[in-house]
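The primary structure of each chain is shown beneath.
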Amino acid sequence: MRYSNSLLDLNRSYQNMPLNVLKNEKGYVFEFIVPGFKQEELNVMVEDRNLILKAERANEEKGTKQKYSQRSFGFGNLTKKLRLPEHVDVDGLSAKLAHGILKVELPFDSKKHIVRTISIN
Amino acid sequence: MRQVSSINRLANSHSLMNDFLSEFFNDEFKPMTTAVRKPAANIYQTETGFGIDILLPGYAKEEISVDIDGRHLTVKSLEADTEKQTVENGKYIRRDFRKSAFEVKYILPRIADLEKLEAKFENGILLVSIPKAEQALPKKINVEIA
């Protein structure tokens, strides 16, 4: 497995789960597609500068027997791991679930995120 | 809200030319060639009915319409241009998915009881359930042995 060392890593074989990354003045916003999962079934954590999303379904059975004539998506569990850059404040992490999309906000670390404009002489 | 089906549209137009013009100059009738996406769906049958689960993450209940016309079920997005809503402050540096207009049609089986069709939207999945008509359900008769 190749290691991703950037948010912009587009190695799809590793990143097989669709992901949007938005950058604004405050920091990064990650958007994960997690349809069918409830809030309590999702777990977001940071470990060694890796952002880890775990989605585990509480009860996988849907009760009655179903005979599928078309099956385009499953209800399996998900795990996603993303390597974070140095200049983010992992303590400021927040997450919000709405309509099957999980938005994770990660602010910049003001000490490490330095924006400089260099004048050209 | 656009409730006019393509069938009605064809019936209302007097000639092919008329239809052609209305498609071109009237915003109401978007051409059928509009690039609409078909969302992923699971279709299944149980002992008592049918189910269609459609994957629509990012949509709100109010942005989806479910219509029945005869035995035709149409599920589509109400806002054709949903792009505006998703743009927030900032810029996308990686974008694998976006909310786009969709439309999907199904012809429902004759034994489905369309009066009792129900739709529920839960965590980005639209769950449509249609029970089978009572006469289509398997009957159990106990025969007494004399």
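As shown above, the structure is provided for reference.
Residues numbered from 1 in each chain as written. Chains lettered and ligands numbered in written order. Predicted model: local features only at pLDDT ≥ 70, side-chain atom pairs only at ≥ 80, totals over all residues. Heavy atoms only, no water.

## Side note on the overall build of chain A
- When helices and strands are tallied, chain A shows zero helices and eight strands.
- Seen in sequence order, chain A has helices and strands lined up from the N terminus as β-β-β-β-β-β-β-β.
- Classification of the 121 residues of chain A by burial places 36% in the buried group.
- Within chain A, residue pairs in contact and separated by at least 24 positions form 54% of the contacts whose partners lie at least 6 positions apart. (Helix = DSSP H or I, 4+ residues; strand = E, 2+ residues; numbered from the N terminus. Buried < 20%, exposed > 50% of the residue type's maximum accessible area, 1.4 Å probe, protein only. Contact = heavy atoms within 4.5 Å.)

## Here we look at the sheet that holds strand S7 (residues 118–122) of chain B
- Spatially, five strands are ordered S5(A)-S1(B)-S2(B)-S8(B)-S7(B) in an open sheet, and the strand pairing comes out antiparallel. Single-partner strands in this sheet number two, and they are strand S5 (67–71) of chain A together with S7 of chain B. Averaged over all adjacent pairs, the angle separating strand axes in this sheet is 15°, with direction ignored.
- For strand S1 (residues 41–45) of chain B and strand S2 (residues 49–55) of chain B, the ladder comprises five bridges, and the chain directions are antiparallel. Across the sheet, the residue bridging to Asn42 of chain B is Asp53 of chain B, located in S2 of chain B. (Pairing = 2+ DSSP bridges. Axes fitted to C-alpha atoms, helices over the stretch in contact; angles between N-to-C directions.)

## As for the interface of chain B and chain A
- Counting residues at the interface gives 29 residues for chain B, matched by 38 residues for chain A.
- Between chain B and chain A lies a buried interface of about 3000 Å² when both sides are counted; carbon and sulfur atoms form 57% of it.
- A per-residue breakdown of the area chain B buries against chain A is headed by Ile93, Arg94 and Phe97 of chain B, which together make up 27% of the total.
- Between chain B and chain A we count zero salt bridges in total.
- For the pair chain B and chain A, the number of links is 17 residue pairs in polar contact (both at pLDDT 80 or more).
- Secondary-structure elements contributing two or more residues to the side of chain B that touches chain A are S1, S2, strand S5 (91–95) and strand S8 (125–131) of chain B.
- Here the side of chain B that touches chain A is built from residues that sort into 15 nonpolar, eight polar and six charged. (Buried area = accessible area lost by both parts, 1.4 Å probe. Salt bridge = Lys/Arg side-chain N within 4 Å of Asp/Glu carboxyl O. Polar contact = N/O pair within 3.5 Å; in protein donor to acceptor, adjacent residues only side chain to side chain. Nonpolar A, V, L, I, M, F, W, Y, C, P; charged D, E, K, R; others polar.)

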